[in-house]
2 protein chains.
Amino acid sequence: MALIVQKFGGTSVADADRIRNVARIITETYRRGHSLVVVLSAQGDTTDDLIAKAAEINPKASKREMDMLLSTGEQISCSLCAMAIEAMGYPVVSLTGWQAGFKTNSVYSCARIKSVRTERIMAELDKKKIVIITGFQGINKYGDVTTLGRGGSDTSAVALAASLNADLCQIYTDVDGVYTADPRCVKGARKLQEITYDEMLELATLGAQVLHNRSVEMAKRYNVNLEVLSSFSGQPGTKVKEVAKNMEKPYVSGVAKDKHIARLALIGLPDKPGTAFRLFSTLARHKINVDIILQSIGRGETKDISFTVDLDDMERAQELLGEMQSTLGFDHIDVTDDIAKVSIVGAGMIDNPGVAALMFEALYNAGINIHMISTSEIKVSVLVDKCDADTSVQVIHDRFYEEFGNI
Amino acid sequence: MALIVQKFGGTSVADADRIRNVARIITETYRRGHSLVVVLSAQGDTTDDLIAKAAEINPKASKREMDMLLSTGEQISCSLCAMAIEAMGYPVVSLTGWQAGFKTNSVYSCARIKSVRTERIMAELDKKKIVIITGFQGINKYGDVTTLGRGGSDTSAVALAASLNADLCQIYTDVDGVYTADPRCVKGARKLQEITYDEMLELATLGAQVLHNRSVEMAKRYNVNLEVLSSFSGQPGTKVKEVAKNMEKPYVSGVAKDKHIARLALIGLPDKPGTAFRLFSTLARHKINVDIILQSIGRGETKDISFTVDLDDMERAQELLGEMQSTLGFDHIDVTDDIAKVSIVGAGMIDNPGVAALMFEALYNAGINIHMISTSEIKVSVLVDKCDADTSVQVIHDRFYEEFGNI
């Protein structure tokens, strides 16, 4: 009999019927004799509703109070789910982040988990209880409530699975696995049975939005067996593990897009050492994550540096750069959010340099202009106009299917 | 400079505007140099909404999970209020029941406070912070969330005032003090400047609904200076203390009614010892509070016993009595909820036996029939038909005013 961690997202617990559905999945697993710890997100739009309430009162509320507010969302979904399981006649207990032993650092609104003290959970499991735990939250050393930020509940689930040495961590969501491309947009997109942590990491970062990269990173570090599956379909999902078994894997396991980005370009920087350092250390100090960076080869005395950031950080990045204009000595800034990132990911890519060329060919044939290119060992990303993003994914997906008969 | 505890009820924090109003009252007190601890209830209908959500999923949910669910209401109002105070530029921190050190017993849904460990609160006060605390809740020895039941937030506030040795505990509500009768129903009702704990206790028990009796009992035991006042009017309220100063107090300080009751009568009980004991100990064991008890003088071999209970307990009491019919040997049960209790309360009553007669006279003149009478040292209660309740309060109030020129 195994110890299993199951995590259900906000859409899976959005209303009473869906909570009952989740309770059915949980109790079926329990009836098969497994020990079961369940992590839940807040119901549907609860978090957004709470954020709106706060914004009405104080748009610049402290993050400490925001965390105090937002952490109630999971407490509500967990107690309701426990009630649904009670109604089915199974032993159950719900626990908040602090009750479940989640200790975090003190960076409110995007805290990092430091440890999970599992005594209480173990005691409840020993009593044969199903344990329902609030995702997304913990407490810091002051005993104050913290939240983990985006993708926090996935991270909670993986941290639990690692701390409890669980046999499996199942992430239930509204899609039934990891696809070679977004099945809602791309014809021919196919569900993967297996994928490696690294590929999943690239896909998560690239906007596939199935699993948050923090949770995948943690799963890789602690070798947690992950499975992504749907709470609605009842079908097997995609397994995420260190080495995928399939020896005849195609080179590319997925095509992803991310429209929620902006590109900033500093034009006419003096071509001297230290510029990039000063620029990016300032952005880092202000917690602005930079993704693709492209520096032009110097033209005489000057060079250009372009980079992409999350769309939410665009304005702040622009402000910061404005303040640095005299220090850095650039001519002007060019900013656009009419941009999207399209990427291919695959562990097999590293041995097949032709893969990138195939991607560029597909885009060329479709008349799509590439603005920037960035590559890593297992991915190739390009920036295209936002209006070209969906077509780009489709034509790349088609091209690889045509070439390899599979993707 | 004083240490003040302020408590605001659900209507006082029902929406963003009202929260801002409460934040203004709090910060004005703080600006006058006082140390300030604030207890809040959940916003408006939040608790009812959460109860409805639970009922949809499991109408017989465990009380432990209900407490887990309901305790989120105060956490939301407290964090929002803290944000409003932040927006005004004052230092503030919100704390949950467990963070504020509220330890309770384990009777979920109506837990009793065992102690308040005030270290965290004191530390925040030392940092000159306004401390906002969730009313109505604490944790038990297992670290599980408990709620205090009806009137819980008032009790939280008084317990805090007692534990912190506060100079004053101000209960802000939607009425601006304790009245000689409900000012929404009774013409001529007048606000009392002062009232004793005992009078307040009788009034609370009798359905005046300004303060819950648990909180008044605790205030009396720990000699906490209470003040009841409105969060809307800005006027001075009513002070509740051991001995009211006013030497020329009228005999009666208030007239109250309670329509939320039922009367049960056991007809034809054998007139032998032990009947009342067996009857009421059984009800007590099932946590049914009995209020007025009236036993008829034995007629030959049999007697009748009538008593009142809270309307919510009527059906359960009837069931229990049905099961005891053969043991107790009564003939039949007569049950009605078409009944109301009307009472006068006053510490001066004990020395003035004519007071009760004056009340009966007022009712007689209005043609209102009295079904049962019960008296204590500082109150006289009568049962009347539910439809006569409002008129009863008015005519009694009028009669005392006429007699004493004051009430």
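Residues numbered from 1 in each chain as written. Chains lettered and ligands numbered in written order. Predicted model: local features only at pLDDT ≥ 70, side-chain atom pairs only at ≥ 80, totals over all residues. Heavy atoms only, no water.

Novice: Give me the lowdown on the overall build of chain A, citing residues and values where you can.
Specialist: Secondary structure summary: chain A contains 13 helices and 20 strands in total. Of the side chains in chain A, 45 bear a positive and 52 a negative charge, and the two mean positions are spaced by 6 Å. (Helix = DSSP H or I, 4+ residues; strand = E, 2+ residues; numbered from the N terminus. Lys, Arg positive; Asp, Glu negative; His and termini not counted. Charge placed at Lys NZ, Arg CZ, Asp CG, Glu CD.)

Novice: Describe the relation of the copies chain A and chain B, listing the residues and the values that go with them.
Specialist: Turning chain A through 179 degrees and shifting it by 0.1 Å along the axis lays it on chain B, with an RMSD of 0.3 Å. The operation mapping one copy onto its partner corresponds to a two-fold rotation axis. Judged by C-alpha distance, threonine 72 of chain A is the residue of chain A that lies nearest the rotation axis, at 2.8 Å. An overlap of 100% is found between the interface residues of chain A and their copies at the interface of chain B, pointing to a shared contact surface. (Least-squares fit on C-alpha atoms with pLDDT ≥ 70 in both. Contact = heavy atoms within 4.5 Å.)

Novice: Could you give an account of the interface of chain A and chain B, with specific residues and numbers?
Specialist: With 41 residues of chain A at the contact, the number on the chain B side is 41 residues. Regarding the contact of chain A and chain B, the summed buried area is about 3,300 Å², with carbon and sulfur atoms giving 58% of it. Together, Ile57, Glu65 and Met83 of chain A form the three largest contributors to the area buried by chain A at its contact with chain B, with a combined 20%. Summed over the shared surface of chain A and chain B, the number is 2 salt bridges. Here chain A is connected to chain B by 22 residue pairs in polar contact (both at pLDDT 80 or more). Elements with a minimum of two residues in the side of chain A that touches chain B: α1 (16–31), α2 (46–57), α3 (63–70), α4 (72–87) and β3 (92–95) of chain A. A per-element tally of the side of chain A that touches chain B places α4 of chain A first, with 10 residues. Classifying every residue of the side of chain A that touches chain B by side-chain character gives 22 nonpolar, 11 polar and 8 charged. (Buried area = accessible area lost by both parts, 1.4 Å probe. Salt bridge = Lys/Arg side-chain N within 4 Å of Asp/Glu carboxyl O. Polar contact = N/O pair within 3.5 Å; in protein donor to acceptor, adjacent residues only side chain to side chain. Nonpolar A, V, L, I, M, F, W, Y, C, P; charged D, E, K, R; others polar.)

Novice: Hey, could you go over the sheet that holds strand β13 (residues 254–258) of chain A for me, with residue numbers and the actual values?
Specialist: Residues and elements named next belong to chain A. Taken in spatial order, the 4 strands make up an open sheet running β13-β18-β20-β19, and their pairing is antiparallel. The open sheet terminates on both sides in strands that have one partner only, identified here as β13 and β19 (372–375). Here the average twist between neighbouring strands, direction ignored, is 20 degrees. Of the strand pairs in this sheet, strand β18 (residues 339–345) and strand β20 (residues 379–385) are connected by 7 bridges, and their pairing is antiparallel. Within β20, the position partnered with lysine 341 by the bridge is leucine 383. (Pairing = 2+ DSSP bridges. Axes fitted to C-alpha atoms, helices over the stretch in contact; angles between N-to-C directions.)

Novice: Could you give me a rundown of the packing of α2 of chain A against α3 of chain A, with the residues and numbers involved?
Specialist: Residue and element names in this part refer to chain A. Where α2 contacts α3, the axes come no closer than 10 Å and their chain directions differ by 135 degrees. With respect to α3, the element α2 is oriented oblique. Both α2 and α3 take part in a crossing whose hand is right-handed. Of the residues in α3, those touching α2 at Thr47, Leu50, Ile51 and Ala54 are Met66, Leu69 and Leu70. (Parallel < 35°, antiparallel > 145°, perpendicular 65-115°, else oblique. Left-handed = near helix turned anticlockwise from the far one by under 90°.)

Novice: A description of the sheet that holds strand β13 (residues 254–258) of chain B should follow, citing residues and the corresponding values.
Specialist: Adjacent strands of a sheet form backbone hydrogen bonds with each other and so pair up, either parallel or antiparallel. Residue and element names in this part refer to chain B. Pairing within the open sheet is antiparallel, and its 4 strands lie in the order β13-β18-β20-β19. In this open sheet, the two edge strands, each paired with only one partner strand, are β13 and β19 (372–376). Between one strand axis and the next, the sheet turns through 20 degrees on average, direction left out of account. As defined by bridge partners, β19 adjoins strand β20 (residues 379–385) across 5 bridges and the pair is classed as antiparallel. In the sheet register, serine 374 faces β20, and the bridge partner there is serine 381. Lying over the sheet, helix α12 (residues 354–365) contacts β18 (339–345), β19 and β20, oriented at roughly 20 degrees with respect to β20.

Novice: Talk me through the confidence of the model for chain A; I want residue IDs and the actual numbers.
Specialist: Detailed reading of predicted coordinates is not advised where the pLDDT is low. Averaged over all residues, the pLDDT of chain A is 89; the fraction at 70 or higher stands at 94%. The complex model carries a pTM of 0.80, and its ipTM stands at 0.78. (pLDDT = per-residue confidence, 0-100.)

Novice: Now, about the pattern of salt bridges: what can you tell me, with residues and values included?
Specialist: All names here are of chain A. Applying the stated criterion across every chain yields a total of 38 salt bridges over all chains. Among the salt bridges present, the one from lysine 7 reaches aspartate 154, with a minimum N-O distance of 2.8 Å. In this pair, lysine 7 is assigned in strand β1 (residues 3–8) and aspartate 154 in helix α6 (residues 152–163), connecting sequence segments 147 residues apart. We note that lysine 7, like aspartate 154, is buried. Here glutamate 402 ties to arginine 399 by a salt bridge, and the two come within 3.2 Å at their closest N and O atoms. Pair noted here: glutamate 402 and arginine 399 are both in helix α13 (residues 389–404), with a separation of 3 residues, about one helical turn. (Buried < 20%, exposed > 50% of the residue type's maximum accessible area, 1.4 Å probe, protein only.)

Novice: Residue-level account of the nonpolar core, with values.
Specialist: Residues Val5, Val37, Ile121, Ile133, Leu160 and Cys169 of chain B are the most contacted members of the largest nonpolar core, which totals 45 residues. Apart from residues lying up to four places away in sequence, isoleucine 133 of chain B is in contact with Val37, Val38, Val39, Leu40, Cys78, Leu95, Ala100, Phe102, Ile121 and Leu160 of chain B. Core analysis: the second largest hydrophobic core is formed by 43 residues, Val93, Ala159, Ala219 and Val345 of chain A among them. (Core = buried A, V, L, I, M, F, W, Y, C linked by side-chain atoms within 4.5 Å.)

Novice: How would you summarise the pairing of strand β9 (residues 168–173) of chain A if you had to cite specific residues and measurements?
Specialist: All names here are of chain A. With respect to burial, β9 is a largely interior element, 6 of its 6 residues being buried. Burial of the side chains of β9 extends over both faces: Leu168, Gln170 and Tyr172 are buried on one face and Cys169, Ile171 and Thr173 on the other. Here β1 runs beside β9; their pairing, made up of 5 bridges, is parallel. If you follow valine 5 over to β9, its bridge partner there is cysteine 169. Bridge analysis of β9 against strand β11 (residues 226–230) gives 5 bridges, and the strand direction is parallel.

Novice: Got a sec to walk through the state of the cysteines? Specific residues and values, please.
Specialist: Considering all chains together, one arrives at 0 disulfides over all chains under this definition. No disulfide involves cysteine 81 of chain A; its sulfur sits 7.3 Å from that of cysteine 78 of chain A, the nearest cysteine. (Disulfide = S-S within 2.5 Å.)

Novice: A description of the packing of aromatic side chains should follow, citing residues and the corresponding values.
Specialist: Residues and elements named next belong to chain B. If you walk through the whole model with that rule in mind, you get 7 aromatic pairs over all chains. The interplanar angle of 80 degrees and the centroid separation of 5.3 Å between the aromatic rings of phenylalanine 280 and phenylalanine 307 together place this pair among those described as edge-to-face. Placement of phenylalanine 280 in helix α9 (residues 275–285) and of phenylalanine 307 in strand β16 (residues 302–310) is noted, with a sequence separation of 27 residues between them. This pair shows no difference in class: phenylalanine 280 is buried, exactly as phenylalanine 307 is. (Phe/Tyr/Trp six-rings, centres within 6.5 Å; stacked < 30°, edge-to-face > 60°.)

Novice: Lay out unusual backbone geometry in plain terms, naming residues and giving numbers.
Specialist: One non-glycine residue, lysine 128 of chain A, lies in the positive phi region at around 65 degrees. Looking at the element boundaries, lysine 128 of chain A is found in the loop between α5 (119–126) and β6 (130–134). Judged by relative accessible area, which is 56%, lysine 128 of chain A ranks as exposed. Unusually for a residue other than glycine, phenylalanine 136 of chain B sits at a positive phi of about 75 degrees. If you trace the backbone, phenylalanine 136 of chain B turns up in the loop between β6 (130–134) and β7 (137–139).

Novice: Now, about the environment of valine 131 of chain B: what can you tell me, with residues and values included?
Specialist: Residue and element names in this part refer to chain B. As for its placement among the helices and strands, valine 131 is situated in strand β6. Judged by its relative accessible area of 0%, valine 131 is buried. Sequence separation between valine 131 and valine 92 is 39 residues; the distance between their C-alpha atoms is 5.9 Å. For valine 131, the contacting residues outside a window of four places in its chain are Leu36, Val37, Val38, Val93, Leu95, Ile121, Glu124 and Leu125.

Novice: Which residues make up the side chain of glutamine 137 of chain B, and what values go with them?
Specialist: All names here are of chain B. Among the structural elements, glutamine 137 can be located in strand β7. Residue classification places glutamine 137 among the buried positions, given a relative accessible area of 4%. Separated by 3.1 Å, the side chain of glutamine 137 and the backbone oxygen of serine 71 make a polar contact. Apart from the residues lying within four places of it in its own chain, the contact partners of glutamine 137 are Ser71, Glu74, Thr96, Gly97, Phe102, Thr146, Thr147, Leu148 and Ser156.

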